[in-house]
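Geometric and topological summary
The primary structure of each chain is shown beneath.
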Amino acid sequence: MDKFEFTEHSHRRYNPLTGDWILVSPHRTKRPWQGKVEKLNLEQRPQYDEKCYLCPGNERAGGLKNPEYTSTFVFQNDFSALLPVVPEGEYKKGELFHAKSEQGFCKVICFSPRHDLTVPEMEVDAIKKVVDIWCQEYKEIGALDYVNHIQIFENKGDSMGCSNPHPHGQIWAQTSVPDEPAKESIKQSEYFQRHGTSLLSDYLKDELESKERILVENDHFVALVPFWATWPYEAMIVSKRAVSNLAELTEDEKFAFANCYKKLTVMYDNLFETSFPYSAGIHQAPTDGAEHPEWHLHMHFYPPLLRSATVKKFMVGYEMMANPQRDITPEQAAQKLRELPTLHFKENKTS
Ligand code: H2U
Ligand code: ZN
């Protein structure tokens with residue numbers, strides 16, 4: 001019997017941030033693929049679309065009008081999933097039936113007035129303004145008594161349920177800490193108590209030494225494919241300094257974050273020469289008034305594409321019933337992404 005190699009043999013990997021496991025089956029990448037591999041014809045969008053509810057000056061559902069904004073613009077979601085005024089209440093019947101009222105609100109952030117751009121096509125200076133808005137919103141919303149968790153996220157691409165190609169993200173703020181960040185809170189707390197350092201600082205130290213899964217590195221931020229990545233090209237942006245939330249970032253760090261966000265998403269677009277869909281979101285300390293030295297700011301990117309602009313990975317079957325599973329290893333995914341040109345493919349075609 002050969003020695004166990006994780007480039008060859010099926011194995012499970014542990015996600016220390018959540019406590020979840022993932023099944024990796026590298027031997028399956030040798031399987032023949034007879035499906036189609038195609039590029040998408042990229043739609044050309046206008047810089048301004050009169051029918052877009054996010055473009056400057058346009059009317060949204062409900063009749064409110066967007067201002068003639070020139071960089072970023074934030075508004076209350078007209079169809080918020082959470083509401084600030086809800087009667088406080090609880091439903092409990094024995095151990096098995098339990099429901100509780102939840103208070104909160106949702107906002108939408110337009111990243112740019114330009115309808116035709118996406119993050120990888122924006123200038124770093126313009127992306128920095130998006131980071132600025134995230135920081136400002138985190139501070140302002142976090143100061144509200146009833147808000148303990150602020151989820152900042154971006155859904156990109158209609159395959160991720162994004163309703164509009166105009167570059168934008170969302171913020172959902174609420175009283176409870178939802179499950180994903182709650183799991184990460186417990187794991188980071190336990191780690192901090194054992195070691196006195198943040199879990200992600202120690203993880204990053206190792207990753208920066210091996211360089212196997214690093215995608216982008218600058219003075220203050222790193223983008224990498226986590227050792228425990230679930231999605232084929234999953235990535236994570238982590239701050240080098242163990243800051244627990246956006247409000248702690250310096251100006252230089254905000255620029256570095258923007259730079260990392262751009263470089264990672266350019267890699268993504270270049271991989272299949274398509275506007276690469278993903279759900280991305282920032283995990284950071286809860287805004288419950290307490291200090292959270294265990295929390296280490298990071299941003300997850302979960303992209304669904306597997307083999308081409310149209311062939312997606314489905315989290316179905318075994319994955320829904322048991323554990324997520326992947327074929328190409330995180331190391332192979334990182335290598336593929338690293339080998340891509342650093343210039344966005346659209347710029348390459350016009351220059
Ligand atoms: P997506 O990122 O999933 O496309 O969501 C865009 C949000 O914009 C969505 O949550 C909101 C929707 O409720 N929206 C408005 O607030 N006003 C509108 O006029 C249309 C859409
Ligand atoms: Zn638009």
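Cut-off values and rules
Residues numbered from 1 in each chain as written. Chains lettered and ligands numbered in written order. Predicted model: local features only at pLDDT ≥ 70, side-chain atom pairs only at ≥ 80, totals over all residues. Heavy atoms only, no water. Donors = N, O, S within 2.8 Å, 3.2 Å for Na, K, Ca; no water. Tetrahedral: all angles 85-135°; square planar, octahedral: opposite > 155°, others 65-115°. Helix = DSSP H or I, 4+ residues; strand = E, 2+ residues; numbered from the N terminus. Buried < 20%, exposed > 50% of the residue type's maximum accessible area, 1.4 Å probe, protein only. Near = heavy atom within 4 Å. Polar contact = N/O pair within 3.5 Å; in protein donor to acceptor, adjacent residues only side chain to side chain. Areas by Shrake-Rupley, 256 points an atom, 1.4 Å probe, with all protein chains shown as cover. Nonpolar A, V, L, I, M, F, W, Y, C, P; charged D, E, K, R; others polar. Pairing = 2+ DSSP bridges. Expected span 1.5 Å × (residues − 1). Patch = residues over 30% accessible without salt bridge, like charges linked within 9 Å, V, L, I, M, F, W, Y side chains within 5 Å. Salt bridge = Lys/Arg side-chain N within 4 Å of Asp/Glu carboxyl O. Phe/Tyr/Trp six-rings, centres within 6.5 Å; stacked < 30°, edge-to-face > 60°. Arc of directions from axis to C-beta.

1. Some thoughts on the coordination of the zinc ion (ligand 2)
Coordination sphere of the zinc ion (ligand 2), protein contribution only: Cys52 (SG), Cys55 (SG), His115 (ND1) and His166 (ND1), at 2.0 to 2.4 Å. Relative to the metal, the four donor atoms surrounding the zinc ion (ligand 2) lie at angles of 103 to 115 degrees, and the coordination shape comes out tetrahedral. Mapped onto the sequence, the donors of the zinc ion (ligand 2) take the spacing C-x2-C-x59-H-x50-H. Of this pair, cysteine 55 sits in the loop between β2 (21-24) and β3 (73-76) while histidine 166 sits in the loop between β7 (149-156) and β8 (168-174), placing them 111 residues apart in sequence. Note on histidine 166: relative accessible area 1%, which makes it buried.

2. Some remarks on the site of ligand 1
In the region of ligand 1, 15 residues are neighbours, and Ala61, Asn77, Asp78, Ser163 and His168 sit closest. Note that an oxygen atom of ligand 1 is positioned 3.0 Å from one of the side-chain N or O atoms of glutamine 170. If ligand 1 stood free it would expose 480 Å²; the protein chains cover 87% of that surface. A class-by-class count of the residues in the shell around ligand 1 yields six nonpolar, seven polar and two charged.

3. Some thoughts on the sheet that holds strand β1 (residues 11-14)
The sheet built from three strands is open, its strands ordered β1-β2-β14 with mixed pairing. The two strands at the open ends of the sheet, each matched to only one other strand, are β1 and β14 (325-326). Bridging between β1 and β2 involves four bridges; their strand directions are antiparallel. By the bridge assignment, tyrosine 14 is partnered in β2 with tryptophan 21.

4. So, helix α3 (residues 199-210)
Taking 1.5 Å per residue as the helical rise, α3 with its 12 residues ought to reach 16 Å, and the 17 Å between its terminal C-alpha atoms agrees with that figure. Burial in α3 covers these residues: Leu199, Leu200, Ser201, Asp202, Tyr203, Leu204, Glu207 and Leu208. Once α3 finishes, lysine 211 follows within two positions and takes phi at roughly 60 degrees, a positive value.

5. Description of a nonpolar patch on the surface
On the surface, Phe314, Val316, Met320 and Met321 cluster together to form a nonpolar patch covering roughly 500 Å² of accessible area. Counting through the fold element by element, valine 316 comes out in the loop between β13 (298-302) and α5 (318-321).

6. Concerning the packing of aromatic side chains
Per the stated rule, a full pass over the model turns up 17 aromatic pairs. Between phenylalanine 153 and tryptophan 172 the ring centres are 5.9 Å apart and the planes differ by 70 degrees, which places this aromatic pair in the edge-to-face class. Pair noted here: phenylalanine 153 is in strand β7 and tryptophan 172 is in strand β8, with a separation of 19 residues, a long-range link. Look at tryptophan 172 and you get partly exposed, because its relative accessible area is 30%.

7. Comments concerning the pattern of salt bridges
Evaluated as defined, the whole model comprises 22 salt bridges. Between lysine 3 and glutamate 5 there is a salt bridge, and its shortest N-O distance comes to 3.9 Å. According to the relative accessible area criterion, lysine 3 is exposed, its value standing at 63%. Measuring nitrogen to oxygen at the nearest pair gives 3.1 Å for the salt bridge that ties aspartate 20 to lysine 183. With aspartate 20 in the loop between β1 and β2 and lysine 183 in helix α2 (residues 179-195), this residue pair connects regions lying 163 residues apart in the sequence. Overlapping salt bridges, with partners in common, bring together Arg13, Glu207, Glu212, Arg213 and Glu331 in one network.

8. Remarks on α2
The first and last C-alpha atoms of α2 sit 24 Å apart over 17 residues, in line with the 24 Å expected at 1.5 Å per residue. When we look at burial in α2, the residues that qualify are Pro181, Glu184, Ser185, Gln188 and Tyr191. Burial along α2 is one-sided: seen end-on, the buried residues are contained in an arc of 140 degrees. Among the exposed residues of α2, those pointing more than 90 degrees away from its buried face are Asp179, Gln193 and Arg194.

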